[in-house]
Amino acid sequence: MGANVSTPEQRFQVTHFRSRKSWTPQPEIYPFKVNSPCIVEIKNMNQWKSRLNALKDTNKLLVIEFTAKWCGPCKTLEPKLEELAAKYTDVEFVKIDVDVLMSVWMEFNLSTLPAIVFMKRGREVDMVVGVKVDELERKLNKYTQSFF
């Protein structure tokens, strides 16, 4: 018995049984990016503090997404948040995994995921808890229009 030598293209080539045309699988194209460049993931306390301090003296809205890898509703909300982050380019979106930075989550006295906190000038101005996309977008509109 000899070794079966073939190229990767030949190994993955499938013939459609009705048309007898060869078919090669294409990578799937998702409607959203897995690692969105619009949402910054905060990975440690120094990164969180420097981000917060940098925005304290500006009028820029900071949207904090508290999430966890094991949270099903958080995964449901993720594509919509990425879409909103791409739409609202003048807003700073950050994501915090509560299993990584539990102390930040506790600072906001949160107990439910997903939780979205809105901050301006270093102060919490509002919050959305749960998968409430309409409310989230309404508050984004409200706080991007207001100047305080």
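Here the structure is a predicted model, which is why all the values come from computation and not from measurement.

A. Layout of the state of the cysteines. The tally for this structure, following the rule as stated, stands at 1 disulfide. Note that Cys71 is cross-linked by a disulfide to Cys74, the S-S spacing being 2.4 Å. Measuring the twist about the S-S bond at about 75°, one finds the Cys71-Cys74 disulfide to be right-handed. Residue Cys71 shares its accessibility class with Cys74, and that shared class is buried.

B. Region of the structure containing the pattern of salt bridges. Overall, the coordinates contain 8 salt bridges when judged by the stated rule. Salt-bridge contacts for Arg51 lead to Glu92; the nearest nitrogen and oxygen are separated by 2.2 Å. Linking Arg51 in helix H2 (residues 45-56) with Glu92 in strand S5 (residues 92-97), this pair joins segments that are 41 residues apart in sequence. Residue Arg51 is classed as partly exposed on the basis of its relative accessible area, which comes to 24%. Note that Glu92 is salt-bridged to Lys60, the shortest N-O span being 3.5 Å. Within this pair, whereas Glu92 is found in strand S5, its partner Lys60 is found in the loop between H2 and strand S4 (61-67), the two being separated by 32 residues in sequence. Look at Glu92 and you get buried, because its relative accessible area is 12%.

C. Examining H2 more closely. Taking 1.5 Å of rise per residue, the 12 residues of H2 would be expected to cover 16 Å, and the 16 Å separating its terminal C-alpha atoms lies within 8% of that figure. For H2, every residue scored as buried is listed here: Trp48, Leu52 and Leu55. Seen along its axis, H2 keeps its buried residues to an arc of 70°; they face one direction. Among the exposed residues of H2, those oriented more than 90 degrees off its buried face are Asn46 and Ala54. Contacts made by the buried residues of H2 are with strand S3 (39-42), S4, S5, helix H4 (102-107) and strand S6 (115-120). The N-terminus of H2 is capped by Asn44, whose side-chain oxygen sits 3.2 Å from the backbone nitrogen of Asn46.

D. Main features of helix H5 (residues 133-145). The end-to-end C-alpha distance of H5, which contains 13 residues, comes to 18 Å, matching closely the 18 Å that a straight helix rising 1.5 Å per residue would cover. Considered for burial, the residues of H5 that qualify are Leu136, Glu137, Lys139, Leu140, Tyr143 and Thr144. Taken end-on, H5 shows its buried residues confined to a sector of 165°, consistent with a single buried face. Opposite its buried face, H5 presents the exposed residues Asp134, Arg138 and Gln145, each directed more than 90 degrees away. For H5, the secondary structure elements touched by its buried residues are S4, helix H3 (72-87), S5, S6 and strand S7 (123-129).

E. Up close: the sheet that holds S7. Within the open sheet, the 5 strands sit side by side as S3-S5-S4-S6-S7. Their pairing is mixed. Whereas interior strands pair on both sides, the edge strands pair on one side only; in this sheet they are S3 and S7. The average undirected angle you get between the axes of adjacent strands in this sheet is 25°. Running over the sheet, H2 touches S3, S4, S5 and S6 and is turned about 135° from S3. Set on the sheet, H5 makes contact with S4, S5, S6 and S7; between it and S7 the angle comes to about 160°.

F. A look at the packing of H3 against H5. In the contact formed by H3 and H5, the axes pass within 11 Å of each other and the chain directions differ by 20°. By the angle between their axes, H3 is roughly parallel relative to H5. Every pair of crossing elements has a handedness; the one defined by H3 and H5 is right-handed. Here H3 contributes Leu77, Lys80, Leu81, Leu84 and Lys87 to the contact with H5, which in turn contributes Val133, Leu136, Glu137 and Leu140.

What counts and how
- Residues numbered from 1 in each chain as written.
- Predicted model: local features only at pLDDT ≥ 70, side-chain atom pairs only at ≥ 80, totals over all residues.
- Heavy atoms only, no water.
- Disulfide = S-S within 2.5 Å.
- Buried < 20%, exposed > 50% of the residue type's maximum accessible area, 1.4 Å probe, protein only.
- Salt bridge = Lys/Arg side-chain N within 4 Å of Asp/Glu carboxyl O.
- Helix = DSSP H or I, 4+ residues; strand = E, 2+ residues; numbered from the N terminus.
- Expected span 1.5 Å × (residues − 1).
- Arc of directions from axis to C-beta.
- Contact = heavy atoms within 4.5 Å.
- Polar contact = N/O pair within 3.5 Å; in protein donor to acceptor, adjacent residues only side chain to side chain.
- Pairing = 2+ DSSP bridges.
- Axes fitted to C-alpha atoms, helices over the stretch in contact; angles between N-to-C directions.
- Parallel < 35°, antiparallel > 145°, perpendicular 65-115°, else oblique.
- Left-handed = near helix turned anticlockwise from the far one by under 90°.

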